[in-house]
Amino acid sequence: MDIRRRNNVTVTGCVDGPVLLLAHGFGCDQNMWRLVLPALAEDFSVVLFDYVGSGRADPSAWDERRYSSLEGYAQDVLEVCEELDLRDVTFVGHSVSAMVGVLAAAKAPRCFSRLVMVAPSPRYVDEDGYRGGFSADDIDELLESLESNYLGWSAAMAPVIMGNAERPELGEELATSFCATDPDIARVFARTTFLSDSRADLKTVTVPTLVLECTQDVIAPREVGAYVHAAIPGSRLVTLEATGHCPQLSAPQATAETIIDFAGAGR
């Protein structure tokens, strides 16, 4: 299989620079990184891709069984790394992709030198002693709404997820991205995302890790960032003065600078 075509792999930036591998979240594609890309590309070799079922990835490669677990997405990441012969990679994962990066690093630790977790959440559902931000009923309702009317769900939820009500164009962009995803594929990815529980996997992380959160995020509240930070020994927690779940769009300069500072350490 042509992995580059399957995942619409793009490589840009400084050819001899350290490698950043950028992984998008649910309902998005690599275009979500475009505002931070110019700054990152100055000193890094930047690899972008689309998960199967997203963006311009090969739709014929979709396999519901494979992508009904985060391990399927982690396998995509590892196959991209193998295809490009990547080593010492700083994996930058947004939202659910932060946990995909954790799984990939556990399977192939020699490929990854650092993890950057942008607005991560290892579990979205509240539990005794853990606040994920949603009750079980909330998630059931969210998934029910998504499955019954995906386009309506996208239009309603995108501005909430994005935040920044004073900048409606950001919510509109996210809604457009959601709506570009095949509804049947989106339903599977949504269940895989919002019903996942990757808390136990956090203890497998052994590489330097940056946990990047926003001051206000309805999807990954600050309690979640604190939990991830506490669960990964030696991790660095940075709280951006930004709102919403997509700081690479709402606060691109601060997001890029924080990633560069962390990924460039020790060069």
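Scope of this entry: the structure provided in the associated data block. (Residues numbered from 1 in each chain as written. Predicted model: local features only at pLDDT ≥ 70, side-chain atom pairs only at ≥ 80, totals over all residues. Heavy atoms only, no water.)

## A few points about the overall build of the protein
Turning to step 1, where the next piece is worked out: When you go through the protein residue by residue, the secondary structure sums to 11 helices and 7 strands.
Turning to step 2, where the next piece is worked out: Relative to its length of 267 residues, the protein is compact, with a C-alpha radius of gyration of 17 Å against a globular reference of 18 Å.
Turning to step 3, where the next piece is worked out: Taking all 267 residues of the protein together, the buried fraction comes to 57%.
Turning to step 4, where the next piece is worked out: Considering only residue pairs separated by 6 or more positions, the protein has 76% of its internal contacts joining residues 24 or more positions apart.
Turning to step 5, where the next piece is worked out: Accessible surface, the protein as shown: approximately 11,300 Å² in total, 49% of it carbon and sulfur.
Turning to step 6, where the next piece is worked out: One finds the centroid of the 21 positive side-chain charges in the protein at a distance of 6 Å from the centroid of its 39 negative side-chain charges. (Helix = DSSP H or I, 4+ residues; strand = E, 2+ residues; numbered from the N terminus. Rg over C-alpha atoms; globule rule 2.2 N^0.38 Å. Buried < 20%, exposed > 50% of the residue type's maximum accessible area, 1.4 Å probe, protein only. Contact = heavy atoms within 4.5 Å. Areas by Shrake-Rupley, 256 points an atom, 1.4 Å probe, with all protein chains shown as cover. Lys, Arg positive; Asp, Glu negative; His and termini not counted. Charge placed at Lys NZ, Arg CZ, Asp CG, Glu CD.)

## With respect to the pattern of salt bridges
Turning to step 1, where the next piece is worked out: Taken as a whole, this structure holds 17 salt bridges when the rule is applied.
Turning to step 2, where the next piece is worked out: In this structure, the salt-bridge partner of Arg5 is Asp58, at a minimum N-O distance of 2.9 Å. Of this pair, Arg5 sits in helix 1 (residues 3-6) while Asp58 sits in the loop between strand 3 (45-48) and helix 3 (70-84), and the two are 53 residues apart along the sequence.
Turning to step 3, where the next piece is worked out: With a relative accessible area of 53%, Arg5 lands in the exposed category.
Turning to step 4, where the next piece is worked out: Note that Arg123 and Glu127 form a salt bridge whose closest N and O atoms lie 3.3 Å from each other.
Turning to step 5, where the next piece is worked out: Since its relative accessible area comes to 15%, Arg123 is described here as buried.
Turning to step 6, where the next piece is worked out: Under the relative-accessibility criterion, Glu127 is labelled partly exposed at 40%.
Turning to step 7, where the next piece is worked out: One network of salt bridges, with partners in common, ties together Arg6, Arg66, Asp76 and Glu79. (Salt bridge = Lys/Arg side-chain N within 4 Å of Asp/Glu carboxyl O.)

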